[in-house]
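Residue-level structural notes
As a plain string of letters, each chain reads:
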Amino acid sequence: MRTSIVAGNWKMNGNLKANAELIAKILKEASRYDGIEVLVCPPAVYTAQVSDLLEGSVVAVGAQNASAFGKGAYTGEVSLSMLAEFGVRHVILGHSERRALFAESDEQVAQKSQAVCDAGMVPIVCVGETLEEREAGKTLEVVSRQLKTVLESIPVEALAEVVVAYEPVWAIGTGKTATPEQAQEVHAALRALVAEVDADAASRMRILYGGSVNAENASQLFAKPDIDGGLVGGASLKANEFIAICGAAAGAKVTG
Ligand code: PEP
């Protein structure tokens, strides 16, 4: 049995006041998150604030990105050890916005994933196809290529702890969600790919779905056998939506 994860990706949103209000609301309902892992990933500059607000709670703070380098002349970058000082364990890597807007390559995502594993932290590796790629029938080819590059660069012993997020680019922030069947097909293919390296790790690995997850569609998505929770963007900024999504993940655990 895998423990589901719901991770909120705040992207470049928030401010001190709004963050405090959102966290207060999320923590009020923490009893609904029994049996799952919940994390929120604020912009790096708010890591300390959010970490303080979450201290002693069941909700963890994560990061949206990190440098593959340890320290030194890398202007504008934030290292893993800096994030770890504020309690960060999970780091989102290779989000489609970073790939598309900041030209992050499969190789850079792999390099960062390796650094995160080496630091004893947990990468949340995002993969996903564009609409054009899906319509060309290339979905599995694209996500397999993205994941394979990562699988080749991390130690097998670290594999089971790695989290993968399937995020079809056409579903991110668009209000269009993959159907549970479309998502399940890709999740099963990703798990099979991991099984080629290590079957045990594949059965333990959490594979999240991301792309316009909301309070309405979460339960059906999380009911699928290979969907182990969600990476949530827009809805993670609305307390009620995020709480309901966490509740859906916890409920799917009970009934699944
Ligand atoms: C995301 O940013 O990872 C995401 C899935 O966004 P949204 O939920 O807004 O589609």
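See the structure above.
As a starting point, this report considers the structure included with it. (Residues numbered from 1 in each chain as written. Predicted model: local features only at pLDDT ≥ 70, side-chain atom pairs only at ≥ 80, totals over all residues. Heavy atoms only, no water.)

A few words now on the overall build of the protein chain. Scanning the protein chain for helices and strands turns up 11 helices and eight strands. For the protein chain, whose C-alpha radius of gyration is 17 Å, the value lies close to the compact-globule estimate of 18 Å for 256 residues. Per-residue burial for the protein chain yields a buried fraction of 52% across its 256 residues. Here the analysis covers contacts within the protein chain between residues at least 6 apart in sequence; of these, 73% occur between residues at least 24 apart. In the protein chain, 22 side chains carry a positive charge and 31 a negative one; their mean positions are 4 Å apart. (Helix = DSSP H or I, 4+ residues; strand = E, 2+ residues; numbered from the N terminus. Rg over C-alpha atoms; globule rule 2.2 N^0.38 Å. Buried < 20%, exposed > 50% of the residue type's maximum accessible area, 1.4 Å probe, protein only. Contact = heavy atoms within 4.5 Å. Lys, Arg positive; Asp, Glu negative; His and termini not counted. Charge placed at Lys NZ, Arg CZ, Asp CG, Glu CD.)

Now for the site of the ligand. Near the ligand you find 14 residues, and of these Lys 11, Glu 167, Gly 173, Ser 212 and Gly 234 are the closest. Here an oxygen atom of the ligand and a backbone polar atom of Ser 212 are 2.7 Å apart. Contacts to the ligand include Gly 234, whose backbone N or O atom sits 2.8 Å from an oxygen atom. In isolation the ligand has 290 Å² of accessible area, and contact with the protein removes 96% of it. Along the lines of polarity and charge, the residues of the shell around the ligand split into four nonpolar, eight polar and two charged. (Near = heavy atom within 4 Å. Polar contact = N/O pair within 3.5 Å; in protein donor to acceptor, adjacent residues only side chain to side chain. Areas by Shrake-Rupley, 256 points an atom, 1.4 Å probe, with all protein chains shown as cover. Nonpolar A, V, L, I, M, F, W, Y, C, P; charged D, E, K, R; others polar.)

Attention now goes to the pattern of salt bridges. One pass over the structure, following the stated rule, counts 15 salt bridges. The shortest N-O distance in the salt bridge between Asp 228 and Arg 2 comes to 3.0 Å. Taken as a pair, Asp 228 in the loop between α10 (218-222) and β8 (229-232) and Arg 2 in the segment before β1 (5-9) lie far apart in primary sequence, 226 residues in all. Of the charged contacts in the structure, one is a salt bridge between Arg 191 and Asp 228, with a shortest N-O distance of 2.8 Å. Placement of the pair is Arg 191 in helix α8 (residues 180-197) and Asp 228 in the loop between α10 and β8, with a sequence separation of 37 residues. Salt bridges sharing partners connect three or more residues here, namely Arg 2, Arg 191, Asp 226 and Asp 228. (Salt bridge = Lys/Arg side-chain N within 4 Å of Asp/Glu carboxyl O.)

Turning our attention to α8. With 18 residues, α8 should cover 26 Å at 1.5 Å per step; its first-to-last C-alpha distance of 26 Å lies within 8% of that length. What α8 keeps buried is the set Pro 180, Ala 183, Gln 184, Val 186, His 187, Leu 190, Arg 191, Leu 193 and Val 194. (Expected span 1.5 Å × (residues − 1).)

So, about the side chain of His 90. If you trace the backbone, His 90 turns up in strand β4 (residues 90-93). Each residue touching His 90, except ones within four places of it in the same chain, is listed here: Glu 37, Leu 39, Gly 62, Ala 63, Val 122 and Ile 124.

Here we take up unusual backbone geometry. In this structure, Ala 103 takes a positive phi of about 55° despite not being glycine. Here Ala 103 lies in the loop between α4 (96-101) and α5 (106-118). If you check the backbone angles, Ser 212 has positive phi at about 55° while not being a glycine. Looking at where Ser 212 falls in the secondary structure, it is placed in the loop between β7 (206-210) and α10. You can call Ser 212 buried: its relative accessible area is 18%.

Of all the five residues making up β1, five are buried; the element is thus mostly covered by neighbouring parts of the structure. Burial along β1 is two-sided: the face carrying Ile 5, Ala 7 and Asn 9 and the face carrying Val 6 and Gly 8 are both buried. With respect to chirality, the unit in which β1 leads through helix α1 (residues 16-28) into the neighbouring parallel strand β2 (residues 37-41) is right-handed. (Right-handed = clockwise from strand over helix to strand, strands pointing away.)

Judged by relative accessible area, Asp 228 falls into the buried class, the value being 5%. Of note is the side chain of Asp 228, whose polar atom sits 2.8 Å from the side chain of Arg 191. Residue contacts for Asp 228: discarding those within four places in its chain leaves Arg 2, Ser 4, Ile 5, Arg 191, Met 205, Arg 206, Ile 207 and Leu 208.

Let's shift gears to the layout of surface pockets. In this structure, the largest pocket spans a volume of roughly 560 Å³. Lining the largest pocket are 24 residues, with Lys 11, Met 12, Gln 64, Asn 65 and Arg 98 sitting closest to its centre. By residue number, the principal contributor to the lining of the largest pocket is α4, which donates three residues. Counted by class, the lining of the largest pocket contains 12 nonpolar, eight polar and four charged residues. (1 Å grid on protein atoms, 1.4 Å probe; cavity = no way out; pocket = protein on both sides within 12 Å on 5 of 7 lines; lining within 4 Å. Points joined across faces, edges and corners; volume = space filled by probe spheres on them.)

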